[in-house]
Amino acid sequence: MTETRSTCPYCGVGCGVIIESLGDDITGVRGDPDHPANFGRLCTKGSTLHLTASSAVTRQTRLLYPMRRERRGEAPKRASWDSALDFASESFARIIREHGADAVGFYISGQLLTEDYYAFNKLAKGLIGTNNIDSNSRLCMSSAVAGYKQTLGADAPPACYDDVKHAQCLFIVGSNTAYAHPILFRRIEDAKAANPALKIIYCDPRRTDTAEIADLFLPLQPGTDVMLFNGMLHIMLWEGWIDPAYIAAHTSGFEALKATVRDCTPDLVAQTCGIRKDDLFAAARLFATSGATLSLYCQGLNQSSSGTAKNAALINLHLATAQIGKPGAGPFSLTGQPNAMGGREVGGMANLLSGHRDLSNAEHRAEVAALWGVPSVPEKPGKTAVEMFQAAADGEIKALWIACTNPAQSMPDQALVRRALARAELVIVQEAFATTATCEYADLLLPATTWGEKTGTVTNSERRISRVRPAVAAPGETRHDWSIAVDFARRLELLLPAPLGKAPANRLFDHPSAEALWNEHRELTRGRDLDITGMSYALLEQAPLQWPMKEGETAGKVRLYEDGIFPTPDGKARFVNTVYQPVAEPRESRYPFSLTTGRLRDQWHGMSRTGTLGRLFGHVAEPSVQMNVQDMARRLLKDGDLVHVTSRRGSIVVPVQASPEVGFSQAFMAMHWGSEYLGGQSSTGQPLAGVNALTTSAYCPSSKQPELKHAAVKILKAELPWSLLAMAWFDEGDALAAHEQLKALLTVFPFASCVPFSNNTPLAGGGQERTGVLFRAAGHEAPPPALLADLERILGLDGSYSLRYADKKKGQHRTVRLARHGDQAELSGFVLAGDTRAESWIATLLKEELPAQAYGRLLLLPGAKPPVAVQSRGKVVCSCLNVTDTAIDDYLALPGQGADSDEARLASLQGALKCGTSCGSCIPELKRRLRATATDTPAPPRSVIPIQQIA
């Protein structure tokens, strides 16, 4: 057994992990107790990383060899690396010769390593001569970048994780931290337990799990954050809670802002934001008068048509109250991806240059050109993410190179994105997983390494650089992303005429290793705000390090601006005059709901990795749109009903679910549900494209980040009388392959979804984990029998051991299969078509592996009532240890359980059932259940502490 230190490939916390491997197989993972980001803790996603890297997953989902499509729509065929890269370089060279350098574009990823990012950035800007290189970080962090630069002068988060324990007030806004950054949330829980006087304010349109720890919850209306922050500053000015001395000595521009916030009266703010005036006053007082206030924020501020203004308005509050540059204080943007910071450091976006240089600055361009040894770098800003796909859809960009991201799932306005991918003359996809929606559009597929196989560095939210080390050899013919970019660049360099071929062959890309690329990047930071010339691979091998760390220094800087000097021409921070603007697409009579998107607790982005594990679907099993229960009642909707969710750009069909988290006239749907899992067919026969068929590509004018957090939609009941549910277990390593085959059926029905599921054997509990596939569909009428036969074949239900019932006239069909499992007969798969009322008990028989030998042909009886009572174990709450809501509620209902404090009851629950004792991601939900059973009353009011207690 070999152990290798690396990092987690999910959120921007940058958790350290120790990978256990045996030969070429990753066999286990645990948190690195010495890594300062997590000190050994991992969330549900991190603790299951080794399962996503198993040989079975690799065999079924990985792209292992170069593949090329001769014609669109055909299956790709295996190619050699030489032929693939020759084809790519010759095609790019031809397009550049015929149409110019700006006819090509690169769309890369915040999940690439810094060295990968650097190679692509140099390829585009240094060799080809185009700034058409952007990243999915544009969808994630660009508003935070613009906000920091406008106010503080540089893209540099001034705080660190350790500040959580020093804070006296935490202001969490636009971030469901409990789900999006679970390990940081564990720190918040620890800080609250150690300091009960710590006050936590939480602002969000939804009452998420993060609200469970809040002292004050502000359920503001979507998109009204700027009005909230300006209103808080209005009160601070009125009450004298600002710091005039700090403002005079260390800032500029305050007078213009004062004139704007003067009009943001408490009455106007309360009405606009949908909150109580008392709560607004309480938030302003806590923020301004606390000994140390730390703001934590993420996509709720960033993914907005006012994203930069939201970020700047929040930073205005910190500058006005001197809540910055000291322990426990500052505006702390939480990075959404593991290396969005590293990508920004190397300038890997359309408007950036290496080392935090500005593209518009001629001196900065000259510095980069000199260090690269090229005559110049292009000054014209490149196309940002949305602009790039708009240009491709318009025919302006002819070739797209997409690396380590899935725009056919994650970009807004999927109709436009897919039109762009279809129209582009050449689409190259560099990817680890062959199962993403974008792969279906690729002319050339290039197989890349992924977690556990890569080498390089990443930078987390607190400016900490960590080494990523490979634990196993690259499978198949996969290559590192930087290596693919460098090999392609060397070939392209020979084909480009002057002045595009700016250097002799192989000189511009003389990079034999990831370390060589990193060393060149390090030199480009010399003298900059992020100077890392004091670091080296050797030092990073010993421990992660924070920037800046200049040559000669032995440690990085923990927090910034402690001296009140900022990286601006006059050394002063700048107030930004933030004027409130409503969302780009307000609610109106035709589209009366505000749709918000966000994360699930146990899933990541488009689920190309987490979606390979049935156990990670235990907490949220299938796609749904959530609504307020009163909105549903007014529309005569009940849980599970299918609804059309329609925006100005597209429509999807999805089940509706009542949620106490969602406010009136609002709806929520997880960002993860793309066409890989949620299908359907429009009335015109066009396939539906998941949640981002609905979202708008309207973007912030400063950051160009799209408003993924809000779209105006209408929600109408879908009248689809014929329904189908099919489930089956599979032998080890076959479920994902079956899922891929079933994806072809997702576009046959008006509604369809397909997800894996698991028996959720606890990670530490022994036993054999099993994986199955669930396929659900609905239509206006029964499909042809051949389609059902195809479905049964994929699910392994077409053999002689299956029992069948069919009534063609009524459109009903039922197939079940019993199989020996251990010493008893169990249900191994079934199809219910037409009459699916028996779903609840038959699905329970299968998923919970209950004895089924007594049922026999009774499984074919129509109707909802089981012939023998079947008791479900309930919905999984604790994914690590497979503890369900039923078990938790039963334990809490035992005599005497309601008498103790919540802390004592939680400890008792954890001791008895072990839930919440592994990764801790389920603790907020456990606390909510504790409180509900203790009081037996409805949810607490929106303001969860009286204002007099705050005073």
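Definitions and cut-offs
- Residues numbered from 1 in each chain as written.
- Predicted model: local features only at pLDDT ≥ 70, side-chain atom pairs only at ≥ 80, totals over all residues.
- Heavy atoms only, no water.
- Helix = DSSP H or I, 4+ residues; strand = E, 2+ residues; numbered from the N terminus.
- Rg over C-alpha atoms; globule rule 2.2 N^0.38 Å.
- Buried < 20%, exposed > 50% of the residue type's maximum accessible area, 1.4 Å probe, protein only.
- Contact = heavy atoms within 4.5 Å.
- Core = buried A, V, L, I, M, F, W, Y, C linked by side-chain atoms within 4.5 Å.
- Salt bridge = Lys/Arg side-chain N within 4 Å of Asp/Glu carboxyl O.
- Pairing = 2+ DSSP bridges.
- Axes fitted to C-alpha atoms, helices over the stretch in contact; angles between N-to-C directions.
- pLDDT = per-residue confidence, 0-100.

Asks: Can you explain the overall build of the protein chain? Please cite residues and give values.
Replies: For the protein chain, the count of helices and strands is 32 helices and 37 strands. In terms of overall dimensions, the protein chain is globule-like: its C-alpha atoms have a radius of gyration of 28 Å, near the 30 Å expected for 951 residues. Across its three principal axes, the protein chain shows a C-alpha extent of roughly 80 × 75 × 60 Å. Within the protein chain, the proportion of its 951 residues that are buried is 64%. Contacts in the protein chain between residues at least 24 apart in sequence constitute 72% of all its contacts with a sequence separation of at least 6.

Asks: For the nonpolar core, give the residues involved together with the corresponding values.
Replies: Ranked by size, the top nonpolar core spans 116 residues in total, and within it F92 and M232 carry the most contacts. Broken down by element, this core gets its largest block of residues, 9 residues, from helix α4 (residues 81-99). Setting aside residues up to four positions removed in sequence, F92 forms contacts with V104, F106, I128, A399, W401, L426, I428, F488 and L492. V653, V654, V656 and Y677 belong to the second largest nonpolar core, which has 52 residues in total.

Asks: So what's going on with helix α28 (residues 839-847)? Which residues, and what values?
Replies: Three or more residues of α28 are buried, namely W841, I842, A843, T844, L845 and L846. Looking at the buried residues of α28, the elements they touch are β30 (722-730), β31 (751-758), β34 (812-821) and β35 (824-833). Phi for E849, located one or two positions after α28, is positive at around 55°.

Asks: Give me the lowdown on the pattern of salt bridges, citing residues and values where you can.
Replies: Two side chains bearing opposite charge may form a pair once their charged atoms approach each other closely. Using the criterion set out here, one finds 62 salt bridges in the structure. In this structure, D267 engages K277 in a salt bridge whose closest nitrogen and oxygen atoms are separated by 2.8 Å. Taken as a pair, D267 in helix α13 (residues 266-273) and K277 in helix α14 (residues 277-289) lie far apart in primary sequence, 10 residues in all. E769 is the partner of R615 in a salt bridge, and the nearest nitrogen-oxygen pair spans 2.8 Å. One end of the pair, R615, is in the loop between β23 (593-598) and β24 (625-627); the other, E769, is in the loop between β31 and β32 (771-779), with 154 residues separating them in the sequence. Exposure remark for E769: the relative accessible area of 24% places this residue in the partly exposed category.

Asks: So, the environment of G863: which residues are in play, and what are the values?
Replies: Relative to the assigned elements, G863 resides in the loop between α28 and β36 (876-878). With 168 residues separating them in the primary sequence, G863 and T695 have C-alpha atoms 39 Å apart. Ignoring any residue separated from it by four or fewer positions in sequence, one finds G863 in contact with D835, R837 and A838.

Asks: Mind laying out the sheet that holds strand β25 (residues 642-646), listing which residues take part and the relevant values?
Replies: Taken together, the 6 strands give a closed barrel; going around it, the order is β23-β27-β24-β26-β25-β29, and neighbouring strands pair in mixed fashion. Put simply, the sheet's adjacent strands are angled 45° from each other on average, direction ignored. In this sheet, strand β26 (residues 651-658) lies alongside β25 in antiparallel orientation, the contact comprising 5 bridges. Among the inter-strand pairings, V645 is bridged to a residue of β26, identified as I652.

Asks: Could you give an account of the pairing of β34, naming the residues involved and the relevant values?
Replies: Two elements, strand β33 (residues 802-807) and β34, share 6 bridges in a ladder whose sense is antiparallel. Each bridged residue has a counterpart across the sheet, and for R804 the counterpart in β34 is T815. Hairpin connection between β33 and β34: a loop of 4 residues separates the two successive antiparallel strands, and G811 in this loop has a positive phi of roughly 70°. The pairing of β34 with β35 spans 9 bridges and is antiparallel. By the bridge assignment, A819 is partnered in β35 with E826. Hairpin connection from β34 to β35: 2 residues lie between these consecutive antiparallel strands, with G822 at a positive phi of about 70°.

Asks: Just give me the short version of the confidence of the model for the protein chain, but keep the residues and values in it.
Replies: Averaged over every residue, the pLDDT of the protein chain is 93; residues scoring 70 or more account for 96%. Predicted confidence is poor over residues 500-506, with pLDDT under 50, and the contacts of this stretch with residues over four places away or in other chains come to 19 contacts. Contacts from residues 936-951, a stretch scored under 50 in pLDDT, to residues over four places away or in other chains number 26 contacts.

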